[in-house]
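Each chain, written out:
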Amino acid sequence: MHSNTQQSIYLDGSSLTTQQLVQLGKGTYKIKLATDVERRVNKSRDLVERIVMEGQVVYGINTGFGRFARTVIAPDKLVELQENIIHSTAVGVGKPLSPQRCRMLLALRINVLAKGYSGISLETLNQMIQAFNASCLSFVPEKGTVGASGDLAPLAHLALGLMGEGKMWSPKSGWADAKYVLQAHGLKPVSLKPKEGLALINGTQMITSLGAEAVERAVAIARQADIIAALTLEVLKGTTRAFDSDIHELRPHPGQIEVAFRFRSLLGSDHHPSEIAESHRFCNRVQDAYTLRCCPQVHGVVNDTIAFVKNIIETEINSATDNPMVFAERGETISGGNFHGEYPAKALDYLAIAVHELAAISERRIERLCNPSLSELPAFLVNEGGLNSGFMIAHCSAAALVSENKVLCHPSSVDSLSTSAATEDHVSMGGWAARKALRVIEHVEQVLSIELLAACQGIEFLRPLRTTTPLEKVYDLVRTIVRPWIKDRFMAPDIDGVHQLLMEQKVWEVANPYIEKYRQANLPEERPGSPTAFTMPSGSSSKRSRKE
């Protein structure tokens, strides 16, 4: 898959990434089919047409569905059969997917059909692409899928709009009757041919498209969490000695090693001098709290879990997940179970549990910033305490979000309810796994927004001392949208503003050049004298070459 100057992405069914799918959701690109797709799609369709012409009995083409798989359907009823499966399956409830998420759902279904194992006609596939490129998006309720056989209800609603039924949205029309929205863009409703109804609704695309968004947002917030925690460590006058590379080489998890490296790159006083660090170099503290000292171990496993989940989601994005599969080269259609959503469901449950920990540890750091007996700063980070409450209730908000996450982290995929008269007797419940993973990640973003605000406010009480160059840049970024807290004011807009910075990865953009410069410089690792480390008084140097 590649982009061209016309801002189009060529889908081939095998090389789409989570990042590209999110960009498709945002409307950054239009869709075209890669070179070989048409040939593959036509070959599979030819086999379906031959089966219909020869009157062979094949599941999903000329039989009923689920429990009715043994019921043979007459040739003159085959079009009605396809329409019926869409109508009877479009039973979702709840709020519709946002236009961005519906765009992702449609793009992902197109990508899967482009693999050429579904038996869809090229005509119908091209009509789906035209609808995507015009942003004609069906009303898809977010609830109603059990995640096997695939996301039937959401995908049926997606197909319904393409057929000119139900509601559709476009930037030009807003929400309106689907047939009028299509008409306004010069598009014709899809007219389903044999097998196409099933080809449009059988697959894990809602779980996986929402999962792709969850993964990308998780990546963004996890790396920015390291920067925010480093700033908090500076404000709380913590030590960098716990991030010594030799410690982490003894427990060489990739995420742990990378997080410790980021902390060193952001806090290294030789590389980016910190007046704050120098001010307490010879204090009498022996160890920092776990919420500061153990960031590499806690944030690290989050990073490794995200990488594990991203691999599963990207495999799923480029998988044929409908049923039956059409193998044109073999002249066969085979019923299997690729529609079962257990892979993305389990992965997204893992993701929610892992990313939540960033909020759990962040909330404890917010407590340390706000509590004067722990921070050595004014209570709740404000002067004239009593008249002003400062960050007192912002911390409560963070605690509330963390508590909600504890419930949302209960795995959806441990449940299964038998459906379709025990034909579909084990299901994944992946739709809820995906939706709640997104909610958990949003809460994590919000908690870290509060921590970033609190850490920047803490800096005010340490002036005129300055922190390291990269962390001063982060402070400056926050101050472009949020002024210092002199006395109580309406705080919610500040939290929303910083949340937007994190969503747009602005904190990462500001700090990352310093992290990469440090990586490339390969400077000797700073190991300053500190009460947290005992060094034998030999002739050995306190600096050694850094091993990365």
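See above for the structure.
Residues numbered from 1 in each chain as written. Predicted model: local features only at pLDDT ≥ 70, side-chain atom pairs only at ≥ 80, totals over all residues. Heavy atoms only, no water.

Enquirer: How do you make sense of the overall build of the protein chain when you look at a structure like this?
Expert: In terms of helices and strands, the protein chain carries 21 helices and nine strands. Principal-axis analysis of the C-alpha atoms places the extent of the protein chain at approximately 90 × 55 × 50 Å. The buried share of the protein chain, taken over its 548 residues, is 55%. Counted over contacts in the protein chain with a minimum sequence separation of 6, partners at least 24 positions apart contribute 77%. Just so you have it, the protein chain exposes about 22,900 Å², and 54% of that area is on carbon and sulfur atoms. Taking the average place of the 58 positive charges on the side chains of the protein chain and the average place of its 59 negative ones, the gap between the two points comes to 2 Å. (Helix = DSSP H or I, 4+ residues; strand = E, 2+ residues; numbered from the N terminus. Buried < 20%, exposed > 50% of the residue type's maximum accessible area, 1.4 Å probe, protein only. Contact = heavy atoms within 4.5 Å. Areas by Shrake-Rupley, 256 points an atom, 1.4 Å probe, with all protein chains shown as cover. Lys, Arg positive; Asp, Glu negative; His and termini not counted. Charge placed at Lys NZ, Arg CZ, Asp CG, Glu CD.)

Enquirer: Is there a simple way to think about the sheet that holds strand S7 (residues 174–177) in this case?
Expert: Where strands meet in a sheet, backbone hydrogen bonds hold them as pairs that are either parallel or antiparallel. Pairing is antiparallel in the open sheet, where three strands are placed in the order S4-S6-S7. On the outer flanks of this sheet lie strand S4 (137–138) and S7, each paired with one strand and no other. Alignment of strand S6 (residues 167–170) against S7, held across four bridges, turns out to be antiparallel. Bridge assignment links Ser170 to a residue of S7, and that residue is Gly174. (Pairing = 2+ DSSP bridges.)

Enquirer: Help me understand helix H4 (residues 99–113), please; the structure alone is not making it clear to me.
Expert: Residues lying three or four places apart along an α-helix face the same way, a consequence of the helix completing one turn every 3.6 residues. For H4, which comprises 15 residues, the first-to-last C-alpha distance of 21 Å matches the rise-based estimate of 21 Å (1.5 Å per residue) to within 8%. Within H4, 12 of the 15 residues are buried, leaving the element largely enclosed by the surrounding structure. Taken as a whole, H4 has its buried residues at Cys102, Arg103, Met104, Leu105, Leu106, Ala107, Leu108, Arg109, Ile110, Asn111, Val112 and Leu113. (Expected span 1.5 Å × (residues − 1).)

Enquirer: Honestly, the pattern of salt bridges in this entry has me stumped. Any pointers?
Expert: Pairing between side chains becomes possible if they bear opposite charge and their charged atoms approach one another. Under the definition given, this model contains 27 salt bridges. Asp36 is paired through a salt bridge with Arg39; the nearest N and O atoms lie 2.9 Å apart. Exposure remark for Asp36: the relative accessible area of 34% places this residue in the partly exposed category. Judged by its relative accessible area of 41%, Arg39 falls in the partly exposed class. Of the charged contacts in the structure, one is a salt bridge between Glu363 and Arg364, with a shortest N-O distance of 2.7 Å. For Arg364, a relative accessible area of 37% translates into the label partly exposed. (Salt bridge = Lys/Arg side-chain N within 4 Å of Asp/Glu carboxyl O.)

Enquirer: Would you explain unusual backbone geometry in this entry?
Expert: Leave glycine aside and you will find that most residues have negative phi; peptide bonds, for their part, are mostly trans. Of the consecutive residues Ala148 and Ser149, the connecting peptide bond is found in the cis state with omega at 5 degrees. Position of Ser149 among the secondary structure elements: in the loop between strand S5 (141–143) and helix H6 (152–162). Omega for the peptide link from Arg463 to Pro464 comes to 15 degrees, which places this bond in the cis form. Mapped onto the fold, Pro464 is located in the loop between helix H18 (430–460) and helix H19 (469–479). Its identity is not glycine, yet Glu384 carries a phi of approximately 55 degrees, on the positive side. Tracing the chain through its elements places Glu384 in the loop between helix H16 (372–375) and helix H17 (392–408). In this structure Glu384 comes out as exposed when scored by relative accessible area, which is 57%. Positive phi is not limited to glycine here, since Gln505 has a value of about 60 degrees.

Enquirer: Would you mind going over the packing of helix H9 (residues 205–235) against helix H20 (residues 492–503) with me for this structure?
Expert: The packing of two helices is summarised by the inter-axis angle and the distance between the axes. Axis separation between H9 and H20 bottoms out at 9 Å; the angle between their running directions is 115 degrees. With respect to their mutual orientation, H9 and H20 come out roughly perpendicular. Every residue of H20 that contacts H9 at Arg217, Ile221, Gln224 and Ile228 is listed here: Leu501, Leu502 and Met503. (Axes fitted to C-alpha atoms, helices over the stretch in contact; angles between N-to-C directions. Parallel < 35°, antiparallel > 145°, perpendicular 65-115°, else oblique.)

Enquirer: Please explain the side chain of Glu445 as it appears in this structure.
Expert: Inspection of the secondary structure assignment puts Glu445 in helix H18. Within the structure, Glu445 has its side chain in polar contact with the side chain of His499 (distance 2.8 Å). Excluding anything up to four places from it in sequence, Glu445 contacts Arg217, Ile221, His499, Leu502 and Met503. (Polar contact = N/O pair within 3.5 Å; in protein donor to acceptor, adjacent residues only side chain to side chain.)

Enquirer: Before we go on, may I ask you to explain the nonpolar core in this structure?
Expert: Leu348, Leu351 and Val355 are the most contacted members of the largest nonpolar core, which has 148 residues in total. A per-element tally of this core places H9 first, with 17 residues. The next biggest cluster of nonpolar side chains, apart from the first, holds six residues, and it includes Val48, Ile51, Val58 and Val326. (Core = buried A, V, L, I, M, F, W, Y, C linked by side-chain atoms within 4.5 Å.)

Enquirer: Explain H6 here, please?
Expert: Most of H6 sits out of view: 10 of its 11 residues are buried. Turning to H6, its buried residues are Ala153, Pro154, Leu155, Ala156, His157, Leu158, Ala159, Leu160, Gly161 and Leu162.

Enquirer: Any chance you could explain the packing of H9 against helix H21 (residues 506–521) here in plain terms?
Expert: Their axes nearest at 9 Å, the elements H9 and H21 cross at an angle of 65 degrees. With respect to each other, H9 and H21 are oriented roughly perpendicular. As for how H9 packs across H21, the hand of that crossing is left-handed. Two secondary-structure elements touch here, H9 through Arg223, Gln224 and Ile227 and H21 through Lys506, Val507, Trp508 and Ala511. When its residues are assigned to classes, the contact of H9 with H21 shows four nonpolar, one polar and two charged. (Left-handed = near helix turned anticlockwise from the far one by under 90°. Nonpolar A, V, L, I, M, F, W, Y, C, P; charged D, E, K, R; others polar.)

Enquirer: Just to check I follow, could you spell out the side chain of Gln127 for this structure?
Expert: Considering the arrangement of structural elements, one finds Gln127 in helix H5 (residues 122–133). The buried category is assigned to Gln127, whose relative accessible area is 14%. Sequence-distant contacts of Gln127, that is, excluding residues within four places in its chain, are made with Lys188, Pro189 and Val190.

Enquirer: How should I be thinking about the state of the cysteines in this particular structure?
Expert: A covalent bond bridging the sulfur atoms of two cysteines is what the word disulfide describes. In the structure shown here, the tally under the stated rule is zero disulfides. Here Cys102 stays free of any disulfide, with the sulfur of Cys136 as its closest cysteine sulfur at 11 Å. We classify Cys102 as buried; its relative accessible area is 1%. (Disulfide = S-S within 2.5 Å.)

Enquirer: Just to check I follow, could you spell out the environment of Thr480 for this structure?
Expert: You can see Thr480 is positioned in the loop between H19 and H20. Accessibility expressed as a relative area gives 60% for Thr480, which makes it exposed. A polar atom in the side chain of Thr480 sits 2.4 Å from the backbone oxygen of Leu477.

Enquirer: Teacher, can you tell me more about the packing of aromatic side chains here?
Expert: A ring pair, where both rings are aromatic, is described by two values, the distance of the centres and the angle of the planes. Tallied over the full model, the rule gives seven aromatic pairs. Arranged with centres 5.2 Å apart and planes meeting at 65 degrees, the rings of Phe139 and Trp175 form a pair that is edge-to-face. Residue Phe139 is found in the loop between S4 and S5, and its partner Trp175 is found in strand S7; the two are separated by 36 residues along the sequence. Taking the relative accessible area as the measure of exposure, Phe139 reaches 29% and is therefore partly exposed. Ring centres of Phe261 and Tyr518 lie 5.6 Å apart, and the angle between their planes is 45 degrees; on these two criteria the pair is classed as tilted. (Phe/Tyr/Trp six-rings, centres within 6.5 Å; stacked < 30°, edge-to-face > 60°.)

What is shown is where atoms sit, not what they do.
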